[in-house]
Amino acid sequence: MRTLWRQARVATLDDGPDAAPGGWIERGALVTDGERIAWVGDEAALPAGLQVDAEHALGGALLTPGLVDAHTHLVYGGHRAREFERRLQGASYEEIARAGGGILSTVAATRAADDAQLLALAEARARALQAEGVTTLEIKSGYGLSAEHEARCLRVARRLGERLPLTVRTTCLSAHALPPEFAGRPDDYLDAAIAWLPALQAEGLVDAVDAFCERIAFTPAQTRRVFEAAQRLGLPVKLHAEQLSDQGGAALAAEFGALSCDHLEHLSPAGVAAMAAAGTVAVLLPGAYYFLRETQQPPVAALRAAGVPIALATDHNPGSSPTLSPLLMLNMACTLFRLTPQEALAGMTCHGARALGLADRGRLRAGLRADLAVWSLEHPSELCYAFGQRPAVRVVQGGVERAP
Ligand SMILES: N=CN[C@@H](CCC(=O)O)C(=O)O
Ligand SMILES: [Zn+2]
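Here the residue index of a chain counts from 1 through its sequence in written order. Just so you know, chain letters begin at A and ligand numbers begin at 1, following the order they were written in. Predicted model: local features are reported for residues with pLDDT of at least 70 only, side-chain atom pairs are reported and counted for 80 or more only, and whole-chain, interface and lining totals are derived from all residues. Note that water and hydrogens are dropped before the side-chain values are worked out from all heavy atoms of the structure.

- Going by what an unreviewed UniProt entry lists, the chain is known as Imidazolonepropionase and is assigned to Piscinibacter sakaiensis.
- Of the chain, the UniProt comment under Pathway (unreviewed entry) reads exactly: "Amino-acid degradation; L-histidine degradation into L-glutamate; N-formimidoyl-L-glutamate from L-histidine: step 3/3."
- UniProt positions are given in the numbering used here, feature names are shortened, and annotations may be inferred rather than shown by experiment. Quoted verbatim from the Sequence similarities (unreviewed entry) field of UniProt, the annotation for the chain is "Belongs to the metallo-dependent hydrolases superfamily. HutI family."

Laid out in structure tokens, this is it:
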């Protein structure tokens, strides 16, 4: 099935040798052939005699790659609105975590929810993301924290990928927090989590392994053990790094060739250099920065100067970023972190894809996956400029238009 999309303003995000200047085609067209993009360019240059099965005239609408949300914790039970109130009254995220609340309160609610409840909750969240143009979604475990409950959460994530027109990438984040049954015994817990990882992998539930390296979670030495276990299984790693303090986690992750380091508000110059050398993507999470009322900014200028690709994601989770709006994250990345609109859009397309190890998407180029978003807008900067507005969007996933 060949489909022609014409009368489009196209942001290709392509920087390859044949790319349009600035990745921008004012009067563009794109042809899909099955799951792939067959052609993209100026409409006036469409190949003569092109035969297509369907044609859509877009009337000047903006065509971009489908959005990639490369960091979410979408599968969980309960919510943390009361914790939000406590933080507003002065308690810090760290204090709440140390007192056994925070992530562990979501672990309790997640363990108490049955599979159908978890699936229904996660599906509604995934549909909301899709309604803002998301076609690829990463989902982490980390609210189960036992062999049984981590597997349940990852199976729900996999089922979402089967039920919805979304690519779902799953990340095992068993090293997210210390479950109460292992209180005071973090290394024993990691022994257990490392021991259940092969079975999760064998069931096809793990695309990558993540950890939370922080004062309230796991030390760099403990994180190293998790990474060594992933490496033995041939699984790529990612890290929640330098969110609340500089633990040197980013440099450690870079040593293991990490796909990405995420958060990074407290990233040091040495961490930046290590990520640049390893080709590790920086995933910035403005929702968590905003919602935790963080004041330390991630070192955007240093990341830029070092050539570290910068991705953006929602970090959807009930504690630090209960948002389902990737477009709000684009706006916040510009207003709070001073990314340019072009950088922000690249952050949720090509660089987001790279943070997931996916080289087949995130740009509009012949041969790549036909994951597209068609916006009722004229220019990419409008995606970043308005907030809370939900522009109309048509979503194409693998060459097929899907109702968001
Ligand atoms: N920082 C650790 N993990 C999540 C928050 C988890 C939670 O508070 O439930 C994050 O990415 O922000
Ligand atoms: Zn996270």
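Once the structure has been displayed, the description carries forward.
1. Observations regarding the coordination of the zinc ion (ligand 2)
Part 1: Metal donors were taken as nitrogen, oxygen and sulfur atoms no farther than 2.8 Å from the ion, or 3.2 Å where the ion is Na, K or Ca. Water is excluded, so coordination may look unfinished. Ligation of the zinc ion (ligand 2) by protein atoms is provided by His71 (NE2), His73 (NE2) and His240 (NE2), these donors lying 1.9 to 2.1 Å from the ion.
Part 2: Taken together, the 4 donor atoms surrounding the zinc ion (ligand 2) define angles of 97 to 124° at the centre, an arrangement classified as tetrahedral.
Part 3: Spacing between the donor residues of the zinc ion (ligand 2) along their common chain follows H-x1-H-x166-H. Taken as a pair, His73 in the loop between strand E5 (67-69) and helix H1 (81-88) and His240 in strand E9 (residues 238-241) lie far apart in primary sequence, 167 residues in all. As far as the burial class goes, His73 and His240 line up, both buried. Irregular is the default label, applied whenever a site is not tetrahedral (four donors, all angles between 85 and 135 degrees) and neither square planar nor octahedral (four or six donors, opposite donors over 155 degrees apart, all other angles between 65 and 115). Helix and strand labels come from DSSP, where a helix needs a run of H or I of at least four residues and a strand needs a run of E of at least two; each type is numbered from the N terminus. For every residue, the accessible area (1.4 Å probe, protein chains only) is compared with the maximum for its type, and the residue is labelled buried under 20%, exposed over 50%, or partly exposed between those bounds.

2. Some details on the site of ligand 1
Part 1: Around ligand 1, a shell composed of 15 residues is seen, among which Arg80, Tyr93, Tyr143, Gln243 and Ser320 lie nearest.
Part 2: Pairs of N or O atoms within 3.5 Å make up the polar contacts considered here, provided that, within protein, one atom can donate a hydrogen while the other can accept it, and that residues adjacent in sequence are counted only when both atoms are side-chain atoms. Contacts to ligand 1 include Tyr93, whose side-chain N or O atom sits 2.5 Å from an oxygen atom.
Part 3: Measuring from a nitrogen atom of ligand 1, one finds a side-chain N or O atom of His176 at 2.9 Å.
Part 4: Coverage of ligand 1 by the protein chains reaches 100% of its 330 Å² of free accessible surface.
Part 5: For the shell around ligand 1, a count of residues per class yields 4 nonpolar, 9 polar and 2 charged. The rule for a residue being near a molecule or strand is that one of its heavy atoms must lie within 4 Å of it. Methods summary: accessible areas were calculated by the Shrake-Rupley approach with a probe of 1.4 Å, and residue burial reflects only the protein chains presented. Ten residue types, Ala, Val, Leu, Ile, Met, Phe, Trp, Tyr, Cys and Pro, are classed as nonpolar, four, Asp, Glu, Lys and Arg, as charged, and the remainder, Gly among them, as polar.

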